[in-house]
Amino acid sequence: MEIVAKNHPLDKYLRTDRIPHIWCPGCGLGTVLNCFLHALEETDIDLKNLAIVSGIGCTGRVAGYINVDSYHTTHGRAIPFATGLKLANPKLKVVVFSGDGDLFAIGGNHFIHAARRNIDMTVICVNNYNYGMTGGQLGPTTPLDARTTTSPYGNIEHPFNLCHVAAASGAVYVARWTALHVRRLKESMKEALNKKGFSFIEVIASCPTTYGRRNKMPTGLETMKYYKEHSVIKHGIDPSKADIEIGKDIVVGKFVDIEKPTFDEAVHELIKKARK
Amino acid sequence: MIEKLPAKKMVITGDYAAAYGALLCDVDVVAAYPITPQTLIVEEFSTFVNDGITDAEFIMVESEHSAMSACIAAQAAGARTFTATSSQGLALMHEMLFVASALRLPVVMAVVNRTLAAPIGIWCEHNDSMPERDSGWIQMSCEDNQEVLDMIIMAYKIGENKDVLLPVMPCLDAFILSHTVEPVEAPSSDEVAEFLPKYEPQAILDPDKPMAIGTFTPPEYIQELRYQTHVAMEKAKDVIKKVTKEFASKFGRDYHGLIEEYRCDDADVVLMTIGTVTGTAREVVDELRQKGKKVGLIKLRFYRPFPAEEIRKIAENVEAFGVYDRAISYGSGGPLFIETRHALYGLDLPVLNFLAGLGGRDVVKGDVEKMYEILLKAKEEKPKEEIYWIGTRGVEI
Ligand SMILES: Cc1ncc(C[n+]2csc(CCOP(=O)(O)OP(=O)(O)O)c2C)c(N)n1
Ligand code: SF4
Ligand SMILES: [Mg+2]
């Protein structure tokens, strides 16, 4: 007997009129979004108080697909926008969803300062090692020697280790997973959503179209196999020891989970003191 | 240094034409950040570098602001530089555009005109380059891919002229040119080298002869610098005419300076267009002429410097003048319309503005016919409106 499902159980979180999405077959973005929707389903976050902010890029399309208050900002500016949102309405749960290029190349400055100030928000960065949307140029997370449209003989620029950047900048929660680790990623997203302060999750995800096919991972499946063979979970490890290099293990896990007053709390504390 | 390249005919996109133009000009430094629909320009150029056709330095920076900063610095160190961008990227460069012109560094940048957010879109609109009117850049628009290639070559010749020394921004319409292939004739590298001698900078940042540029300057000096830049922009008008003439005699393609007239001689009404709409308008003019309507066309090539005198000369002999704009200055009208009315001040004729194709909507023959229809009517009776939003939902014409 053929079973036809009329609706997907997570449809209520999506702007279904925007589906099908634009992502390529084998792209990791769908999986990451799926994990996020499951995380929402399993937390008691009031969707009315949730705001999703994205920059520009393939990852940036997330803001347009989730059916909550969302804003698709300009390239690199998701975090300053989210900061304004949070400070104006501290009740909001603010989530930034964007790509490695958006958050760490053109918008890199904003990331370190929001983390330093411990603004209460969750930043999810889908790291596909390149600028997917514009055709696969080298970006700040492209591993050494990797081939991209702008590094056809191999990348000579040292990449950022995003979790190290986040931790060094002051983030209170830092984790890394790949798009293969769907359950762990979902659990991590729940933790980050419930965490007070600047929480950061890096998700390593496939981009077969512009990155994979130039780097011996032409399909999503092959990339998943690679993650399976090369991922090692090391919770609590110093993230500076978790650089990403071609052919080496990808260290994943929760690296940082600490407590620190948020910017909002510090401001209100200061106001109280000043008024005394 | 570039490899010797023979003259050849190619079927290429506007983006390729821009990249190949920069290659022929033997640029020394290219710094860029990708953005649709400019991306192909820098990708093509990076291929030339990788294939060893040029030994230019190719820098992949982390934003457009850095791209322009790198070009300015390289140009100040004596290099001939090139970059390209679109839309949001150009807006992000805004701060540095003023630095390039005030330091009198003739950087050349291809701008692929794309709508500026919000909302986000990738198609053609001129609301990215036109707000840069006052940045001190020479700004021109191309009609086809041949003009893109030719204009990059002329841009260096104009910008590097000692009377000018200003940066130049050749613009091309998103997708209509950037991603569409057309046959293009490319001159040989030797011919280009004869036409465009090596860049001779005015002053070079050189550790052996230290010099400071762009430093803190009190009011005693800045006003004179502004005046000099203004004069340079005015002088650019003659230089552009001279360079297009020289280009025509060397390469056989004549772009007629700041504007190109089409069947204006005995015209009753004239429409001025910019960019790719010009090709469509030319056909409409031919058809209307066959029906006995005396219509003419001006293709505006340069927005800065603005060819006020040339336009006025033509307008003096017509009964109605129309201006097509692909951008809007809210509450005032299209940027070219505002500029044209200023140029035609005191002339007694209706000057009308037509807005069409914003956000990348196609401008088809019917739209241009509508513009001429309104102009022909305006010659008979006083028009009710000045600004016409062609093909706009909710607006009746
Ligand atoms: C100011 C500006 N410059 C350039 C662009 C073009 N652009 C759009 S997305 C993108 C890179 C996206 O890369 P990433 O953030 O890694 O996202 P991905 O597509 O890989 O998910 C670029 C350069 C832009 N939109 N705005
Ligand atoms: S280009 Fe890459 S990141 Fe973008 S949708 Fe395709 S596979 Fe995904
Ligand atoms: Mg990316």
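Residues numbered from 1 in each chain as written. Chains lettered and ligands numbered in written order. Predicted model: local features only at pLDDT ≥ 70, side-chain atom pairs only at ≥ 80, totals over all residues.

J.: For this particular structure, what's the right way to read the site of ligand 2?
T.: As a matter of local geometry, ligand 2 sits amid Trp23, Cys24, Cys27, Leu29, Cys58, Asn128, Gly132, Met133, Cys207, Pro208, Thr209 and Thr210 of chain A. A breakdown of the residues in the shell around ligand 2 according to their chemical character gives eight nonpolar, four polar and no charged. (Near = placed C-beta within 6 Å. Nonpolar A, V, L, I, M, F, W, Y, C, P; charged D, E, K, R; others polar.)

J.: How should the sheet that holds strand 4 (residues 121–127) of chain A be read in this particular structure?
T.: By definition, the strands of a sheet pair up through backbone hydrogen bonds, in either a parallel or an antiparallel sense. Residues and elements named next belong to chain A. Spatial ordering of the open sheet is given by 2-1-3-4-8-7-10-9, a layout of eight strands whose pairing is mixed. The outermost strands of the open sheet, each flanked by one partner alone, are strand 2 (69–72) and strand 9 (231–233). Each neighbouring strand pair of the sheet contributes to a mean axis angle of 20 degrees, computed without reference to strand direction. In this structure, strand 9 lies alongside strand 10 (residues 250–257), joined through three bridges in parallel fashion. (Pairing = 2+ DSSP bridges. Helix = DSSP H or I, 4+ residues; strand = E, 2+ residues; numbered from the N terminus. Axes fitted to C-alpha atoms, helices over the stretch in contact; angles between N-to-C directions.)

J.: What exactly am I supposed to notice about the nonpolar core here?
T.: Note on soluble globular proteins: their nonpolar side chains tend to be buried together. Membership of the largest hydrophobic core comes to 127 residues, with the highest contact counts inside it found for Ala18, Ile152, Ile158 and Val270 of chain B. For this core, the element with the most residues is helix 5 (residues 145–159) of chain B, which contributes nine residues. Built from parts of two domains, this core gets at least three residues from each of domain 1 (8–251) and domain 2 (259–389) of chain B. What Val270 of chain B contacts, discounting residues up to four positions off in sequence, is Cys264, Gly296, Leu297, Ile298, Ile314, Val318 and Phe321 of chain B. Core analysis: the next-biggest nonpolar cluster, separate from the first, contains 75 residues, Cys35, Phe111, Ala114 and Ile119 of chain A among them. (Core = buried A, V, L, I, M, F, W, Y, C linked by C-beta atoms within 7 Å. Buried ≥ 20, exposed ≤ 12 C-beta atoms within 10 Å, placed from the backbone. Domains from an automatic or database assignment. Contact = placed C-beta atoms within 7 Å.)

J.: What is the right way to read the interface of chain A and chain B from this model?
T.: The extent of an interface is frequently quoted as the accessible surface area lost upon association of the parts. Contact with chain A, which involves 17 residues of that partner, is made by 13 residues of chain B. The set of elements that each furnish at least two residues to the side of chain A that touches chain B consists of helix 4 (100–106) and strand 6 (137–138) of chain A. Split into classes, the residues belonging to the side of chain A that touches chain B amount to seven nonpolar, 10 polar and no charged.

J.: Any chance you could explain the domain arrangement of chain B here in plain terms?
T.: Residue and element names in this part refer to chain B. As far as domains go, chain B holds domain 1 (8–251) and domain 2 (259–389). Once you take the C-alpha centre of each, domain 1 and domain 2 turn out to be 28 Å apart. Counting residues at the interface gives 25 residues for domain 1 and 19 residues for domain 2. Contributions of two or more residues to the side of domain 1 that touches domain 2 are made by strand 6 (138–141) and helix 7 (219–251). For the side of domain 1 that touches domain 2, the leading source of residues is helix 7, giving five residues. The residue makeup of the side of domain 1 that touches domain 2, split by class, is 12 nonpolar, six polar and seven charged.

J.: Teacher, can you tell me more about helix 10 (residues 335–343) of chain B here?
T.: Owing to its 3.6 residues per turn, the α-helix aligns residues three or four sequence positions apart on the same side. For helix 10 of chain B, the full list of buried residues reads Pro335, Leu336, Phe337, Glu339 and Thr340 of chain B. Of the surrounding elements, those touching the buried residues of helix 10 of chain B are strand 10 (269–274), strand 11 (295–300), helix 9 (308–315), strand 13 (320–325) and strand 14 (351–355) of chain B.

J.: Just checking my understanding: could you explain the site of ligand 1 for this structure?
T.: Taken together, 25 residues sit near ligand 1, with Gly57, His75, Gly99, Gly101 and Gly132 of chain A positioned nearest. Near ligand 1, the surrounding residues are drawn from chains A and B. Elements with a minimum of two residues in the shell around ligand 1: strand 3 (93–99), helix 4 and strand 5 (130–131) of chain A together with helix 4 (87–102) of chain B. Residue composition of the shell around ligand 1, by class: nine nonpolar, 13 polar and three charged.

J.: Would you explain the packing of helix 5 of chain B against helix 7 of chain B in this entry?
T.: The description of two packed helices rests on the angle between their axes and on the distance between the axes. Residue and element names in this part refer to chain B. Two elements in contact, helix 5 and helix 7, have axes separated by 10 Å at closest approach and are oriented at 130 degrees. Here helix 5 lies oblique to helix 7, going by the angle between them. Here helix 5 and helix 7 pass one another in a crossing that is right-handed. Side by side, helix 5 and helix 7 meet where Asp150, Met154, Lys157 and Ile158 of the first sit next to Ala236, Val239, Ile240, Val243, Thr244 and Phe247 of the second. In the contact of helix 5 with helix 7, the residues fall into seven nonpolar, one polar and two charged. (Parallel < 35°, antiparallel > 145°, perpendicular 65-115°, else oblique. Left-handed = near helix turned anticlockwise from the far one by under 90°.)

J.: Teacher, can you tell me more about the environment of Tyr227 of chain A here?
T.: Residues and elements named next belong to chain A. Structurally, the position occupied by Tyr227 is in helix 8 (residues 220–230). Counting along the chain gives 47 residues from Tyr227 to Leu180, while the straight-line C-alpha distance between them is 6.7 Å. Setting aside its immediate chain neighbours within four residues, Tyr227 contacts Thr178, Leu180 and Ile250.

J.: For this particular structure, what's the right way to read the sheet that holds strand 15 (residues 387–389) of chain B?
T.: All names here are of chain B. Strand order in the open sheet formed by six strands is 9-11-10-13-14-15, with mixed pairing between adjacent strands. The strands lining the two open edges of the sheet, one partner per strand, are strand 9 (259–262) and strand 15. Strand-to-strand twist in this sheet, taken as the mean axis angle between neighbours without regard to direction, amounts to 20 degrees. Bridge count between strand 13 and strand 14: five bridges; the pairing is parallel. Across the sheet, Gly322 pairs through a bridge with Leu352, a residue of strand 14. Where helix 9 meets the sheet, its contacts fall on strand 9, strand 10, strand 11 and strand 13, and the angle it forms with strand 9 comes to roughly 15 degrees. Sheet contacts for helix 10: strand 10, strand 11, strand 13 and strand 14; angle to strand 13, the most-contacted strand, approximately 150 degrees.

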